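Structural description and commentary
Chain by chain, the residues:
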Amino acid sequence: MKAIFQKILMGLPVLCLFAFPLQTPAYASASTIILKLSSNQAVVDGTVYPLPAAPVIKDGVTLVPLRFLVETLGMEVHWNSRSREITIKGQEGQIQLKPESKEAVVEGQIRQLHCAPTISGGTNLVPLRFVAETLKYQVSYDASTREIRVAQPPPPPPPNRPPVARFEIEKTTVAQGETVIYRDESYDPDGDGLVEVKWTGKQRAFFKPGEYTVTLQVKDSRGAWSETASKTITVTEEVVMDEITYNLHHPIPGELLDLSAVEVLKLPAVDPATTMSREMLMVSNSPEVFTREGILYADTLWGTARLYYHHINGSTVNQHVYLLATNQGLDTATVTIKKQAFAGPGDPMAAGRAATYRYLAAGTEQARTIYIKPGETRILNEEKKPIAPGLCVHGILDLHTDREVLFSVVAMENGDPITAYSNLSTLPPDGKHIRGTFPRANRFLSVHLYENKPARLIIADGGGDSFLYGRDGATNLLGYNKGNYGVSYEITIESKHRMGVFFSPRGGPFAGAATWDGQPFYLPNRGVLNPPGQGALVGIIEAGQQKTLRFMPPAASYLPINLIFIPF
């Protein structure tokens, strides 16, 4: 490197007035150059070299000797004596400059310079930062030492290699009801983290003879998916455990299973002790599919209440659904939101499942209080995402207000719902779904199981478990909350014998959530339950134990449901 710079410096007197060859070859590129304002020395990769001229500042721009800069950084420089143009070529492109001109050409595009290249004392000086950074070199300045550091650009990252999905199965031939042990041995050749795992066909155990294919794909942190790895499991005719017995001995809350062997409707029904709270429940679910702007539902509440809305955009444009609170009184209203859960925009059943889970899993840490002045309206749902046609939004809020407050669910395409509210009309209900305000939003059931035989508890059938009865605040029509959507069930179960608790929907497809002994889980933990054959495990009650199930009928799913109790 020292010999290189000696050659450069020997040629400077000849080159300084552009009387240099048409093309100058690039030298080996230095890693780091350190320059200092008003100093005629440069440190190149740790070695000191003299400069033909010291760096100077002009019009707030640092100028440095052209040839020293470009050749030290391994660039090429060309001089066109006819057009008086300097062309600098680097690995990342090229720049064309003219002495005393503030115009530069970068890859065919004209760029304006803050300071033109100039000749000082026979040496051509160029804007350091513009030349270096345009060609992707890094420039930094230390004000305390007045040092300028120019460094090579970091090498480009290597191309991302996709991860590799790989897994082993301890036994590929198993009996029915025998636990299958999988070992995920996936990895990423670049060392990136694996952020998503996608199995198909993977089950803890299989309950019918045959051959089953299990596949695995993984995704790395840079978004690349692996090829699919697959293996085949052979299930023999031998039966170690049936599906229900297996789940009783290896319980996972929400685990989907086949209950078709259980004659659910022939099981004796238990009669629980039931109490209800006085809180109000405001349900906005009709019209479930709205096709234009308007007020979907509104009513005035005072005290402790639950707000529950679930709507699908049936128009051809993006829409928004707002939950508004208006103080129509003469004093400031205090509204405390104790719990809230939102889901969507998305599929209606998926939104019902997600919002129910978030509601049941929510704690008191999210509580907040807002103050609404007389005549003021506030937006309670903070989600600003537009709802695309065909998608659904869902919200559940528990709150308390110390004064009468008008709560409104409003659909709008654009604009401010608060200012537009007075011009909006109330949309009529669709005649199929639930809309209204109902007393007694919380239901407490106490079940005592004394006998060592199967039984069931019926929920939300409108008979033994009655539907809430209330009033539509917009039309004053009376009606039932068929399905008890938005009602919080707290079911305490005490058993004299060891008992398995199963969940069986009876009305149609179901996807929701619950908590068992305080722990939230999805119902089912994958997919959708399709009656009458499919169900899910809730949990196990040991003899003499007491457990609590909290449950809310999820929007877009079908009721009623049965809880099944099976001793083992």
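See the structure printed just above.
Report follows, based on the coordinates.

Thresholds applied
- Residues numbered from 1 in each chain as written.
- Predicted model: local features only at pLDDT ≥ 70, side-chain atom pairs only at ≥ 80, totals over all residues.
- Heavy atoms only, no water.
- Pairing = 2+ DSSP bridges.
- Helix = DSSP H or I, 4+ residues; strand = E, 2+ residues; numbered from the N terminus.
- Axes fitted to C-alpha atoms, helices over the stretch in contact; angles between N-to-C directions.
- Phe/Tyr/Trp six-rings, centres within 6.5 Å; stacked < 30°, edge-to-face > 60°.
- Lys NZ or Arg CZ within 6 Å of the ring centre and 35° of its normal.
- Salt bridge = Lys/Arg side-chain N within 4 Å of Asp/Glu carboxyl O.
- Buried < 20%, exposed > 50% of the residue type's maximum accessible area, 1.4 Å probe, protein only.
- Contact = heavy atoms within 4.5 Å.
- Polar contact = N/O pair within 3.5 Å; in protein donor to acceptor, adjacent residues only side chain to side chain.
- Core = buried A, V, L, I, M, F, W, Y, C linked by side-chain atoms within 4.5 Å.

Attention now goes to the sheet that holds strand β5 (residues 56-58). Taken in spatial order, the four strands make up an open sheet running β5-β6-β13-β12, and their pairing is antiparallel. Lying at the two open borders of the sheet, with one neighbouring strand each, are β5 and β12 (118-120). Adjacent strand axes in the sheet meet at a mean angle of 40° when their direction is disregarded. When strand β6 (residues 61-65) meets strand β13 (residues 123-127), the two strands line up antiparallel, connected through three bridges. By the bridge assignment, Pro65 is partnered in β13 with Leu125.

Bringing the packing of aromatic side chains into the picture now. On inspection of all chains with the given rule, the structure shows 10 aromatic pairs. Ring centres of Phe167 and Trp199 lie 5.0 Å apart, and the angle between their planes is 70°; on these two criteria the pair is classed as edge-to-face. On the criterion of sequence distance, the pair formed by Phe167 in strand β16 (residues 167-169) and Trp199 in strand β19 (residues 194-200) is long-range, its members being 32 residues apart. When the ring of Tyr469 is compared with that of Tyr480, the centres are 4.8 Å apart and the planes differ by 55°; the resulting orientation is tilted. With a gap of 11 residues between them, Tyr469 in strand β35 (residues 468-471) and Tyr480 in strand β36 (residues 478-481) connect regions that are remote in the sequence. Here the aromatic cluster, defined as three or more aromatic residues joined through ring pairs, consists of Tyr489, Phe503, Phe510 and Phe551. Taking NZ or CZ as reference, Lys339 lies 4.6 Å from the ring centre of Tyr359, over its face.

A few words on the pattern of salt bridges. Within the structure shown, the criterion is met by 19 salt bridges. Of the charged contacts in the structure, one is a salt bridge between Asp190 and Arg161, with a shortest N-O distance of 2.8 Å. Of this pair, Asp190 sits in the loop between β18 (182-184) and β19 while Arg161 sits in the loop between β15 (147-151) and β16, placing them 29 residues apart in sequence. Of the residues examined, Asp190 reaches a relative accessible area of 25% and is grouped as partly exposed. Classification of Arg161 by relative accessible area gives partly exposed; the value is 46%.

Further remarks concern the pairing of strand β40 (residues 519-523). With five bridges joining them, strand β39 (residues 512-516) and β40 adopt antiparallel strand pairing. Looking across to β40, one finds that Trp516 is bridged to Gln519.

Right, let's talk about the environment of Glu255 for a bit. Relative to the assigned elements, Glu255 resides in the loop between α4 (243-249) and β22 (256-258). Take Glu255: its relative accessible area is 10%, and that puts it in the buried class. Ignoring sequence-local partners within four residues, the contact set of Glu255 consists of Arg204, Asn247, Asn525, Arg526, Gly535, Ala536 and Leu537. In this structure the side chain of Glu255 is engaged in a polar contact, spanning 3.0 Å, whose partner is the side chain of Asn525.

A word on the nonpolar core. Counting residues in hydrophobic clusters, the biggest one holds 51 residues, and the most contacted among them are Ile459, Ile491, Phe503, Leu563 and Phe565. A total of five residues in this core trace back to one element, the largest contributor, which is helix α5 (residues 348-361). Those residues within four positions of Ile459 in sequence are excluded, and the remaining contacts are Asp465, Tyr489, Ile491, Phe551, Leu559, Pro560, Ile561 and Leu563. Core analysis: the second largest hydrophobic core is formed by 34 residues, Leu35, Ala42, Leu51 and Ala104 among them.

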